[in-house]
2 protein chains.
Amino acid sequence: MVTEHPGRESADTDLTRALAREIYASVANKWALLLINVLADRTLRFTELQTQVGGISHKMLSQTLRHLERDGLVDRTVHPVVPPRVEYRLTEAGQALRTTVNGLCTWTHTYLDHIEEARRRFDSARAV
Amino acid sequence: MVTEHPGRESADTDLTRALAREIYASVANKWALLLINVLADRTLRFTELQTQVGGISHKMLSQTLRHLERDGLVDRTVHPVVPPRVEYRLTEAGQALRTTVNGLCTWTHTYLDHIEEARRRFDSARAV
DNA sequence: CGGTATCCGACGAGATACTG
DNA sequence: CAGTATCTCGTCGGATACCG
């Protein structure tokens, strides 16, 4: 499906390979990034994650966590106690994403008003 | 829909507000990030964008471009010639995202093999 | 408490065809 | 060349209910 670009110059911005593209897409995902953001430096349990993220459903939480676990971005530790206690923390690969994710958060807050106004202008211009 | 978190400490990682969350989600999007990545320093035309990104459909390209334009991340310039010539370039807000997006690309390439192996381990462990 | 399964609506996204 | 519209289908994502 992905077309080959033989004469591409850029090295580390090249996402033409199927696998790279797929991984890029899986992490360029709303819930995944929000979870990484919340897990930043802490170890959190399932329910804690749900309340921290806010707005994520039970299903999406476990689903996204499993994807992140599969890709080796989060580490899942099950404590054999009752009631069960499962803890999640970022692996090294996950930690390496923190800077990027944080940049996205900062950017969002920096340009929030800017974007809000851009939308107003755009919408009122089209309303004619 | 978004629950209020009165006692949240972190300032610039707070995404509990509905608008912030919505903007975050709109930019934490596969096609949007790929487009920003490709537009990095160049001004590109519609068709050029399509070939550069590779794999994006006509529809998704125009749709994503309109979202980015609405949010004031890309600038759309129409040259009144025939055949029509429309050029896209990043605005200042869009440029501000370059670092972040580039970080994501670099990360993808750095951990590509790492992730591929993590997936193999995960899948074979479950196949039991 | 942590997790999966099921049902079901809403939207993402490709293919195709049609205007300026 | 750039863009929109329609049609279709797969996946996202919420609600609910049920196991460990």
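As shown above, the structure is provided for reference.
Okay, so let's go over this structure. Note that the structure is a prediction, hence the values are computed from the model and not measured.

## Concerning the sheet that holds strand β1 (residues 44–45) of chain B
Residues and elements named next belong to chain B.
In step 1: Across the sheet, 3 strands lie side by side as β1-β3-β2; this open sheet has antiparallel pairing. In the strand order of this sheet, the two ends are held by β1 and β2 (74–79), each with one partner.
In step 2: Inspection of the sheet shows β1 paired to strand β3 (residues 85–90) by 2 bridges, in the antiparallel sense. Bridge assignment links Leu 44 to a residue of β3, and that residue is Tyr 88.
In step 3: Strands β1, β2 and β3 of the sheet are contacted by helix α2 (residues 30–39), whose axis makes an angle of about 95° with β3.

## Looking at the interface of chain B and chain A
In step 1: Taken together, the contact between chain B and chain A spans 59 residues of the former and 59 residues of the latter.
In step 2: Approximately 5,600 Å² of surface area, both sides summed, lies buried where chain B meets chain A, with 60% of it carried by carbon and sulfur atoms.
In step 3: By the criterion of area lost to chain A, the three top residues of chain B are Tyr 24, Arg 70 and Arg 119 of chain B, representing 14% of everything that side buries.
In step 4: Along the contact surface separating chain B from chain A lie 6 salt bridges.
In step 5: Across the pair Asp 71 of chain A and Arg 119 of chain B runs a salt bridge whose closest N-O atoms are separated by 2.6 Å.
In step 6: Inspection of the region where chain B meets chain A yields 16 residue pairs in polar contact (both at pLDDT 80 or more).
In step 7: Put simply, the parts of the chain that give the side of chain B that touches chain A at least two residues each are α1 (18–27), α2, α3 (46–53), α4 (58–70), α5 (92–95), α6 (98–110) and α7 (112–126) of chain B.
In step 8: If you tally residues by element for the side of chain B that touches chain A, the top one is α6 of chain B, at 10 residues.

## Focus on empty space enclosed by the protein
In step 1: Counted according to the given criterion, the structure contains 2 cavities of 30 Å³ or more.
In step 2: Residue lining of the second largest cavity: Leu 33, Thr 100, Val 101 and Leu 104 of chain A together with Leu 33, Thr 100, Val 101 and Leu 104 of chain B, and that is the complete set.
In step 3: Considered class by class, the residues forming the lining of the second largest cavity number 6 nonpolar, 2 polar and no charged.

## Considering the packing of helix α2 (residues 30–39) of chain A against helix α4 (residues 58–70) of chain A
Residues and elements named next belong to chain A.
In step 1: α4 packs onto α2 with a crossing angle of 80° between their chain directions and a minimal axis gap of 10 Å. When the axes of α2 and α4 are compared, the pair comes out roughly perpendicular. Across from Trp 31, Ala 32, Leu 35 and Ile 36 in α2, the residues of α4 making contact are Met 60, Leu 61, Thr 64, Leu 65 and Leu 68.
In step 2: Among the residues making up the contact of α2 with α4, the classes are represented as 8 nonpolar, 1 polar and no charged.

## Description of the packing of aromatic side chains
In step 1: For the coordinates displayed, the defined rule picks out 2 aromatic pairs over all chains.
In step 2: Taken together, a centroid distance of 5.8 Å and an interplanar angle of 35° make the contact between Trp 107 of chain A and Tyr 111 of chain A tilted.
In step 3: Residue placement shows Lys 30 of chain B over the ring face of Trp 31 of chain B; its charged tip is 4.4 Å from the ring centre.

## Quick look at the sheet that holds strand β2 (residues 74–79) of chain A
All names here are of chain A.
In step 1: The strand order across the open sheet formed by 3 strands is β1-β3-β2, and the pairing between neighbours is antiparallel. Across the chains shown, the open sheet's two edge strands, defined by having one partner strand only, are β1 (44–45) and β2.
In step 2: Against the sheet, α2 engages β1, β2 and β3 (85–90), with an angle of about 95° to β3.

## A short note on the protein's contact with DNA strand D
In step 1: In the region of DNA strand D, 16 residues are neighbours, and Lys 59 of chain A together with Phe 46, Thr 47, His 58 and Arg 76 of chain B sit closest.
In step 2: Across the atoms of DNA strand D situated within 4 Å of the protein, the share located in sugar and phosphate is 58%.
In step 3: Between DNA strand D and Ser 57 of chain A there is a distance of 2.9 Å, counted from a phosphate oxygen to a side-chain nitrogen or oxygen.
In step 4: Between Arg 45 of chain B and DNA strand D, the recorded distance is 3.1 Å, taken from a side-chain N or O atom to a sugar or linking oxygen.
In step 5: In terms of residues, the surface near DNA strand D owes the most to one element, α4 of chain B, which gives 3 residues.
In step 6: Per-class residue counts for the surface near DNA strand D are 7 nonpolar, 5 polar and 4 charged.

Rules and cut-offs
- Residues numbered from 1 in each chain as written.
- Chains lettered and ligands numbered in written order.
- Predicted model: local features only at pLDDT ≥ 70, side-chain atom pairs only at ≥ 80, totals over all residues.
- Heavy atoms only, no water.
- Pairing = 2+ DSSP bridges.
- Helix = DSSP H or I, 4+ residues; strand = E, 2+ residues; numbered from the N terminus.
- Contact = heavy atoms within 4.5 Å.
- Axes fitted to C-alpha atoms, helices over the stretch in contact; angles between N-to-C directions.
- Buried area = accessible area lost by both parts, 1.4 Å probe.
- Salt bridge = Lys/Arg side-chain N within 4 Å of Asp/Glu carboxyl O.
- Polar contact = N/O pair within 3.5 Å; in protein donor to acceptor, adjacent residues only side chain to side chain.
- 1 Å grid on protein atoms, 1.4 Å probe; cavity = no way out; pocket = protein on both sides within 12 Å on 5 of 7 lines; lining within 4 Å.
- Points joined across faces, edges and corners; volume = space filled by probe spheres on them.
- Nonpolar A, V, L, I, M, F, W, Y, C, P; charged D, E, K, R; others polar.
- Parallel < 35°, antiparallel > 145°, perpendicular 65-115°, else oblique.
- Phe/Tyr/Trp six-rings, centres within 6.5 Å; stacked < 30°, edge-to-face > 60°.
- Lys NZ or Arg CZ within 6 Å of the ring centre and 35° of its normal.
- Near = heavy atom within 4 Å.

Read these as spatial facts, not as claims about activity.
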